[in-house]
Each structure stands twice: as C-alpha cells, then as structure tokens.
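# Coordinate analysis (summary)
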Amino acid sequence: MLALARLLASRLMIGGLAAGLLAQPALAQPTPADVLFDIISAKASDLAAAPYIAPANTLPAVFQGLDYDGYRKLRPLPETTAWGEAG
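Quick summary incoming for the structure in this document. (Residues numbered from 1 in each chain as written. Predicted model: local features only at pLDDT ≥ 70, side-chain atom pairs only at ≥ 80, totals over all residues. Heavy atoms only, no water.)

Our next topic: the overall build of the protein chain. Across its full length, the protein chain holds four helices and zero strands. Ordered by position from N to C terminus, the α and β elements of the protein chain give α-α-α-α. The buried share of the protein chain, taken over its 87 residues, is 1%. (Helix = DSSP H or I, 4+ residues; strand = E, 2+ residues; numbered from the N terminus. Buried < 20%, exposed > 50% of the residue type's maximum accessible area, 1.4 Å probe, protein only.)

Before going further, it helps to examine a nonpolar patch on the surface. Together, Leu59, Val62, Phe63, Leu66, Tyr71 and Leu74 give the surface a local cluster of nonpolar side chains, amounting to about 590 Å² of exposed area. Inspection of the secondary structure puts phenylalanine 63 in helix H3 (residues 61-64). (Patch = residues over 30% accessible without salt bridge, like charges linked within 9 Å, V, L, I, M, F, W, Y side chains within 5 Å. Areas by Shrake-Rupley, 256 points an atom, 1.4 Å probe, with all protein chains shown as cover. Salt bridge = Lys/Arg side-chain N within 4 Å of Asp/Glu carboxyl O.)

A rise of 1.5 Å per residue sets the reference length of helix H2 (residues 32-49), with its 18 residues, at 26 Å; its end C-alpha atoms lie 26 Å apart and thus fit the reference within 8%. Within H2, only zero of the 18 residues are buried, which leaves the element largely exposed. (Expected span 1.5 Å × (residues − 1).)

In short, geometric facts, not functional conclusions.
So this is what it looks like as structure tokens:
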C-alpha cells in the first residue's frame, strides 16, 4: 500500500511539473504588453515628429467664452436625467 502511495505521489509530482513547464510561454515570444508598448512607442514617435495642428474650435458660441468657474457651474437639468431629482 505504501509503494502504491509513493508511486501515485511521484506521478502527480511529475505531472504537475510537466504541466507547469508546458504552461510557461516561450522565452523568445513577446508578451502582449511588450507588443502594445512597441505600438504605442511608434505612434508617439510619429506624433512627436509631425507638426502641431491646433484643434478646430467647434464649440457653440455660448460655450466659447466659458472659463473654469463657469464650466464647473454646468449641471444637467433634473427632468432630463434618468433618476430625475433623486439622482
């Protein structure tokens, strides 16, 4: 009985080690984070090399002269929100 338990334990250990080794990605294969970093870095380099283009001023006239304090005072109308005055 003890020999059978040792055999099962060794098989489980070998199976666990093999599964762990198989689950590891190949060392030469880049991870998705590495690929994403390369894509973002290339895009940032392209944008840095391009001349600056100012964004179009497409705000309605009522909002064009709005300063910081005025922007902070903006609130939705309670009757147009999903929760009404409760939200």
